[in-house]
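# Results of the structural survey
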Amino acid sequence: MARVLLLFGGRSEEHEVSCSSSVAVLDALRDAGHQVISVGIDRTGSWFLADQTRRPMVAEGRPVSIRVPEGRLLSGGDEIEFDVAFPVLHGPYGEDGTIQGLFEMIDVPYVGCGVAASAVAMDKDFAKQLFTQQRIPTSRWVALLAEDMADSVGTVDGIVRKIGLPAFVKPAELGSSVGVAKAETEADLEDAIERAFKLGQKVIVEEFIDGREIEVAVLGGPRASVAGEIVIEGDWYDYDSKYNDESSRFVAPARLTPPQSRTVRELAERAFASLGCKGLARVDFFLEDKSDAFLINEVNTMPGFTPISGFPTMWQASGMTYGELCDELVQLALRGE
């Protein structure tokens, strides 16, 4: 069994999600016989040896640091040995290639995608460009930098002519629907773009797709789970719907025909391979009502990981328990898969 360095925390709204996921992963890994060292990263980037008896765990305790390039984890004068890292880190710095680059520099195996796949998946504009090149259908979109808004009226008018209204506005490099807004009018669109730029340096505007939200969990191989579906009671699946609104729910398996199920799983595996992913990823799609076609929305390289989150739920519906899933991720990391 392995000595697993479990990292949790964050610098944004993803922080609370990371803490909840990390406790579930901790318990599952310990039940599987692994030794787990829990380290919390606070909003300033400081590392702490966390108290595993606190639920949820908190990024507080004895300060720890990691030496580069030796890869030694130190707390005071003591060295803490580990074999593999399991980052349960959502959003910037956690799933954008940053922490993955650290693991690469210290030559430590880690759970999840590598630097390039993490960075490309995190940038929704780059990911969509790659999907288009690989002939994986996606919705129409426009990518914006701040200087593009010098003529805000002209820019908004051009966006509306290209993709229409309503449209969705997103910071290009955030997750968990943070900063996402639905724009019904040109005034809404300009306001949403302005607010999105406060959260990042690039913004994308996507056409509205009328349809169902279908997800597939993928493990290294690639191997796709059965598909799941987000059943939304509200207007759309925003941050509150994901984490605060109990009226929205996740169902697995999704209500799909056998051909539809095969198609979306094949597309998920293709997207995973196209990005060069390893370890795990959740691939999100729209099943468009008017065309009955799947359009890829995004690839999430570190999805929510509580036992009731979508990724584990889809694997449980595929016959793998939560504990088996966590152990499998450790084994994939140790094998470099």
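Everything discussed here concerns the structure shown above.
Described in the following lines is the structure provided in the data block. (Residues numbered from 1 in each chain as written. Predicted model: local features only at pLDDT ≥ 70, side-chain atom pairs only at ≥ 80, totals over all residues. Heavy atoms only, no water.)

## Regarding the packing of aromatic side chains
Test applied: Geometry of aromatic contacts follows a simple scheme: Phe, Tyr and Trp rings, the Trp one being its six-membered ring, pair when their centres are within 6.5 Å, and the pair is stacked under 30 degrees between planes, edge-to-face over 60, tilted otherwise. Burial classification: accessible surface area is computed with a 1.4 Å probe over protein chains only, and a residue below 20% of its type maximum counts as buried, one above 50% as exposed, and the rest as partly exposed. Any Lys NZ or Arg CZ found within 6 Å of a ring centre and within 35 degrees of that ring's normal is scored as a charge over the ring.
Scanning all chains against the criterion turns up six aromatic pairs. Relative to Tyr110, the ring of Phe103 has its centre 5.2 Å away and its plane inclined at 35 degrees; by these criteria the two rings are tilted. Pair check on accessibility: Phe103 and Tyr110 agree, each one buried. What links up through ring pairs into an aromatic cluster is the set Phe86, Phe305, Phe311 and Tyr322. Sitting above the plane of the Tyr110 ring, Lys278 keeps its charged end 4.9 Å from the centroid.

## Things to note about helix H2 (residues 98-105)
We apply this condition: Think of it this way: any DSSP run of H or I at least four residues long counts as a helix, any run of E at least two long counts as a strand, and we number them from the N terminus.
Turning to H2, its buried residues number three or more, namely Ile99, Gln100, Gly101, Leu102 and Phe103. Phi turns positive, to about 55 degrees, at Asp107, one or two residues after H2.

## Some words on empty space enclosed by the protein
Here is the rule we go by: Grid points spaced at 1 Å and placed over the protein atoms alone form the basis of the search, with a cavity being a set where a 1.4 Å probe fits but cannot get out and a pocket an open set showing protein on both sides within 12 Å along at least five of seven lines. Lining residues have an atom within 4 Å of a point. Grid points are joined across faces, edges and corners, and a volume is the space filled by probe spheres set on the points.
One pass over the structure, following the stated rule, counts two cavities of 30 Å³ or more. Taken as a whole, the largest cavity holds about 100 Å³ of empty space. What lines the largest cavity is a set of 11 residues, and nearest its centre among them are Ala121, Met122, Glu298, Val299 and Asn300. Contributions of two or more residues to the lining of the largest cavity are made by helix H3 (115-122) and strand E16 (294-300).

## Quick word on the side chain of Asp42
Here Asp42 is to be found in the loop between strand E2 (35-41) and strand E3 (47-49). You can call Asp42 buried: its relative accessible area is 18%.

## Some words on the pairing of strand E9 (residues 167-171)
Two faces, one strand: in a regular strand the side chains alternate between the faces of the sheet. Using the following cut-off: Strands are labelled as partners when DSSP assigns at least two bridges between them.
Within E9, five of the five residues are buried, leaving the element largely enclosed by the surrounding structure. Side chains Ala167, Val169 and Pro171 project from E9 onto one buried face, and the interleaved Phe168 and Lys170 project onto a second face that is buried too. For E9 and strand E10 (residues 181-183), the ladder comprises three bridges, and the chain directions are antiparallel. Bridging from a neighbouring strand, Ala167 pairs with Ala183 of E10. Two elements, E9 and strand E11 (residues 202-207), share five bridges in a ladder whose sense is antiparallel. The residue of E11 that forms the bridge with Lys170 is Ile204.

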